[in-house]
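# Observations on the three-dimensional arrangement
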Amino acid sequence: MVLLGSTAAAVTPAVAEAEKTVSFASAEDSYVSQAGPGKTHHTVTWLSVCTTPCDGAAASERGAFVRFDVKDVPANAVNVTMTLDVQSVRTTDTTLEVRPVKGEWTADSLTFDNRPALGEVITTHKGLTAGGTAKLDVSSAFTGNGAYDFALTSPRAPTACCTPRAPPRARAPS
């Protein structure tokens, strides 16, 4: 499961509000594979992340792309924290990297050949446990309500597989 979770914010004292849990499901998600550079993967029920060589094969890099539409965070919110929660389907010592996506993409047309450029690494997480959730702090990307596009990459094998389409959790003020 890939979800935008644990988004918390405080508002200015004059309008202080209690925090509450808000859900942001991924609006779009897919992965790209160097082994099938022109193929889309938007209909699969999981995402795959791996560097080359991946599973022993050369030219086999994979990366996942996720988009979230964040809304209802007050304009006067301060101290906003935002995490990306990733639930693994296998146990590995993979290091996941989260990077901002710097170009346009849609899940139904995304391929390895047309994938957009990526920004610098925002955060990393090493080691995944089957059924466990890794929480990656992406607070530095928060600029307010709107779309957030992230890529999950890995600087080294083995493959990380995660499930993207479960309801996410996030906290934001009411």
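See the structure shown above.
Predicted model only: the values in this text are computed from it and were never measured.

Cut-offs and rules
Counting from 1, residues in each chain are numbered in the order their sequence is written. Since the coordinates come from a predicted model, pLDDT governs what is reported: local features require at least 70, and pairs of side-chain atoms require 80 or more to be given and counted, while whole-chain, interface and lining totals use all residues. Excluded from the side-chain calculation are hydrogens and water; included are all heavy atoms of the structure. A run of H or I in DSSP counts as a helix once it spans at least four residues, and a run of E counts as a strand once it spans at least two, with each numbered from the N terminus. Exposure is judged per residue with a 1.4 Å probe applied to protein chains only, and the accessible area is read against the type maximum: over 50% gives exposed, under 20% gives buried, and values in between give partly exposed. In this analysis, two residues are considered to be in contact whenever any of their non-hydrogen atoms come within 4.5 Å of each other. Computed with a 1.4 Å probe, the accessible areas rest on the Shrake-Rupley method; for each residue, only the protein chains presented here act as cover. A pair of strands is treated as paired once DSSP finds two or more bridges between them. A side-chain nitrogen of Lys or Arg and a carboxyl oxygen of Asp or Glu constitute a salt bridge if their distance falls within 4 Å. Planes of paired rings set the category: under 30 degrees apart is stacked, over 60 is edge-to-face and the rest tilted, where pairs are Phe, Tyr or Trp rings (Trp by its six-membered ring) whose centres lie within 6.5 Å. Any Lys NZ or Arg CZ found within 6 Å of a ring centre and within 35 degrees of that ring's normal is scored as a charge over the ring.

## Let's talk about the overall build of the chain
- Assigned secondary structure in the chain consists of zero helices and twelve strands.
- Helices (α) and strands (β) of the chain occur, in sequence order from the N terminus, as β-β-β-β-β-β-β-β-β-β-β-β.
- Burial statistics for the chain: of 174 residues in total, 48% are counted as buried.
- Long-range contacts, defined as pairs at least 24 residues apart, comprise 82% of the intrachain contacts of the chain with a sequence gap of at least 6.
- Put simply, the chain shows about 8000 Å² of open surface, and 52% of that area lies on carbon and sulfur atoms.

## Comments concerning the pairing of strand S10 (residues 146–153)
- Of all eight residues in S10, six are buried; the element is thus mostly enclosed.
- Pairing analysis gives seven bridges linking strand S5 (residues 62–70) to S10, with the strands arranged antiparallel. For Phe 65, the partnering residue across the bridge sits in S10 and is Ala 151.

## Section: the pattern of salt bridges
- A full pass over the atoms with the stated rule returns four salt bridges.
- The closest approach of N and O atoms between Glu 28 and Arg 67, which form a salt bridge, is 2.6 Å. Placement of Glu 28 in strand S3 (residues 26–33) and of Arg 67 in strand S5 is noted, with a sequence separation of 39 residues between them.
- Judged by relative accessible area, which is 22%, Glu 28 ranks as partly exposed.
- Put simply, Asp 85 and Lys 135 hold a salt bridge, and the shortest N to O gap is 3.1 Å.

## A closer look at the environment of Thr 111
- For Thr 111, the position within the fold is in the loop between strand S7 (92–100) and strand S8 (123–128).
- Owing to a relative accessible area of 7%, Thr 111 belongs among the buried residues under this scheme.
- Put simply, Thr 111 and Pro 37 are 74 residues apart on the chain and 6.0 Å apart in space, counted from C-alpha to C-alpha.
- Every residue in contact with Thr 111, bar those within four places of it in the chain, is listed here: Val 32, Pro 37, Gly 38, Lys 39 and Thr 40.

## Details of unusual backbone geometry
- Backbone torsion omega between Thr 52 and Pro 53 reads -5°, so that peptide bond is classified as cis.
- Tracing the chain through its elements places Pro 53 in the loop between strand S4 (47–49) and S5.
- We note that Ala 59 has phi near 50°; this positive angle belongs to a residue other than glycine.
- When you line up the elements, Ala 59 lands in the loop between S4 and S5.
- Residue classification places Ala 59 among the partly exposed residues on the basis of a relative accessible area of 42%.
- One non-glycine residue, Asp 72, adopts positive backbone phi at about 70°.

## Digging into the packing of aromatic side chains
- One pass over the full model with this rule turns up four aromatic pairs.
- On the basis of an interplanar angle of 15° and a centroid distance of 6.4 Å, the ring pair of Tyr 148 and Phe 150 is categorised as stacked. The same class applies to Tyr 148 as to Phe 150, namely buried.
- Among the aromatic residues, those joined into a cluster by ring pairs are Phe 142, Tyr 148 and Phe 150.
- Over the aromatic face of Trp 105 sits the side chain of Arg 67, whose NZ or CZ is 4.4 Å from the ring centroid.

Distances and angles like these do not, on their own, reveal function.
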